[in-house]
Amino acid sequence: MAPTVERKQIDITPLKKANVPIIFIVGGPGSGKGTQCERIVKKYGLSHLSSGDLLRDEVKSGSARGGQLTKIMEAGELVPLEVVLDLIKEAMLKEVAKGSKGFLIDGYPREVKQGDQFEAEIMPSRLVLYFEVAEETLVKRCLKRAETSGRVDDNAETIKKRLKTFMQSTTPVVDHYAKKGKLVKIDAEGGVDEIFGVVQQHLDKIFK
């Protein structure tokens, strides 16, 4: 049985006081969202946080919580949503202390409940950017990346499975934020500059 991870008591008052915009970034593996996030950070001075990176960093840190997370992952279980949320809160507080102008929360939320919990415990998101790409394009891009990544899970069959899982969990998220009027679908089939041009049109309305 994998261990349970205790939640930390985190005072997010400085985050609420800063009241900076929060943007969720959604897109499949190979959608190019990482490249677009780099551009957004450079132009608008936002902090880019990836829930996956935060988890990996915590595991590497050798902390007691990192050890518990390792055991959960080794048992093939999912890390509780609340723990991921605590890691995001801690990272956001660090960035706000440095004067961050806003946040890109990458690969988040993976399910509707996760987004709702984030907005209830931290703050509502201002926008959800969804980088939409056809499945066959994603497969092609992931296979191309596999040529240099050395990742064992980058083969056609595994990539298709990952995409199927992504699509099944993301469709409800996309629909949920579309109903709230927060969703911006971006056609991410084109070139990097062309896609960033569209991204800028939406972000310029927030960061005047």
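The name given to the chain in an unreviewed UniProt entry is Adenylate kinase isoenzyme 1, with Diploscapter pachys as the source organism. Here is the UniProt Sequence similarities (unreviewed entry) comment for the chain, exactly as written: "Belongs to the adenylate kinase family. AK1 subfamily." Reading the Subcellular location (unreviewed entry) entry of the UniProt record for the chain gives the comment "Cytoplasm".

Now for the overall build of the chain. The number of helices and strands found in the chain is nine helices and five strands. When its helices and strands are written in sequence order, the chain yields α-β-α-β-α-α-α-β-α-β-α-α-β-α. The C-alpha radius of gyration computed for the chain amounts to 17 Å, which stays within 12% of the reference 17 Å derived for 208 residues, consistent with globular compactness. Judged by the C-alpha coordinates and their principal axes, the chain covers about 45 × 45 × 30 Å. Per-residue burial over the chain gives 46% buried out of 208 residues. Restricting the contact set of the chain to residue pairs at least 6 apart, pairs at least 24 apart contribute 80%. As presented, the chain carries roughly 11,400 Å² of accessible surface, and 52% of it is formed by carbon and sulfur atoms. Here the chain contributes 34 positive and 30 negative side-chain charges, whose respective centroids are spaced 3 Å apart.

This next bit is on the UniProt feature "binding site: ATP" (unreviewed entry) in the chain. Listed under "binding site: ATP" (unreviewed entry) in the UniProt record, and renumbered for this structure, are Gly30, Ser31, Gly32, Lys33, Gly34, Thr35, Arg145 and Gly190. Set against the largest pocket, the annotated residues that line it come down to Gly30, Ser31, Gly32, Lys33, Gly34, Thr35, Arg145 and Gly190. In this structure, glycine 30 sits in the loop between strand 1 (22-27) and helix 2 (33-44). Relative accessible area serves as the criterion here: at 16%, glycine 30 is assigned to the buried category. Leaving out residues up to four positions away in the same chain, glycine 30 has contacts with Leu138, Arg141, Cys142 and Arg145. Structurally, glycine 34 can be placed in helix 2. Note on glycine 34: relative accessible area 31%, which makes it partly exposed.

Looking at the largest pocket, its volume works out to about 1,600 Å³. Lining the largest pocket are 47 residues; nearest its centre among them are Lys33, Ser51, Gly52, Gly107 and Arg110. Elements supplying a minimum of two residues to the lining of the largest pocket: strand 1, helix 2, strand 2 (47-50), helix 3 (51-60), helix 5 (81-97), helix 7 (135-149), helix 8 (156-179) and helix 9 (192-203). Looking at the lining of the largest pocket residue by residue, the class counts come to 17 nonpolar, 18 polar and twelve charged. Its volume calculated, the second largest pocket comes out at about 180 Å³. Along the walls of the second largest pocket sit Leu49, Leu54, Asp57, Glu58, Arg65, Leu87, Glu90, Ala91, Lys94 and Glu95, which together make up its complete lining. Only helix 3 and helix 5 provide two or more residues apiece to the lining of the second largest pocket.

Throughout the structure, instances matching the rule amount to twelve salt bridges. One salt bridge connects glutamate 119 with lysine 182, and the closest N-O pair in it is separated by 3.1 Å. With a gap of 63 residues between them, glutamate 119 in helix 6 (residues 112-121) and lysine 182 in the loop between helix 8 and strand 5 (183-187) connect regions that are remote in the sequence. By the burial criterion, glutamate 119 is buried, and lysine 182 matches it. One salt bridge connects glutamate 132 with lysine 185, and the closest N-O pair in it is separated by 3.8 Å. Note that glutamate 132 is positioned in strand 4 (residues 127-132) and lysine 185 in strand 5, a separation of 53 residues in sequence.

Rules and cut-offs
- Residues numbered from 1 in each chain as written.
- Predicted model: local features only at pLDDT ≥ 70, side-chain atom pairs only at ≥ 80, totals over all residues.
- Heavy atoms only, no water.
- UniProt positions renumbered as here; feature names shortened; annotations may be inferred.
- Helix = DSSP H or I, 4+ residues; strand = E, 2+ residues; numbered from the N terminus.
- Rg over C-alpha atoms; globule rule 2.2 N^0.38 Å.
- Buried < 20%, exposed > 50% of the residue type's maximum accessible area, 1.4 Å probe, protein only.
- Contact = heavy atoms within 4.5 Å.
- Areas by Shrake-Rupley, 256 points an atom, 1.4 Å probe, with all protein chains shown as cover.
- Lys, Arg positive; Asp, Glu negative; His and termini not counted.
- Charge placed at Lys NZ, Arg CZ, Asp CG, Glu CD.
- 1 Å grid on protein atoms, 1.4 Å probe; cavity = no way out; pocket = protein on both sides within 12 Å on 5 of 7 lines; lining within 4 Å.
- Points joined across faces, edges and corners; volume = space filled by probe spheres on them.
- Nonpolar A, V, L, I, M, F, W, Y, C, P; charged D, E, K, R; others polar.
- Salt bridge = Lys/Arg side-chain N within 4 Å of Asp/Glu carboxyl O.

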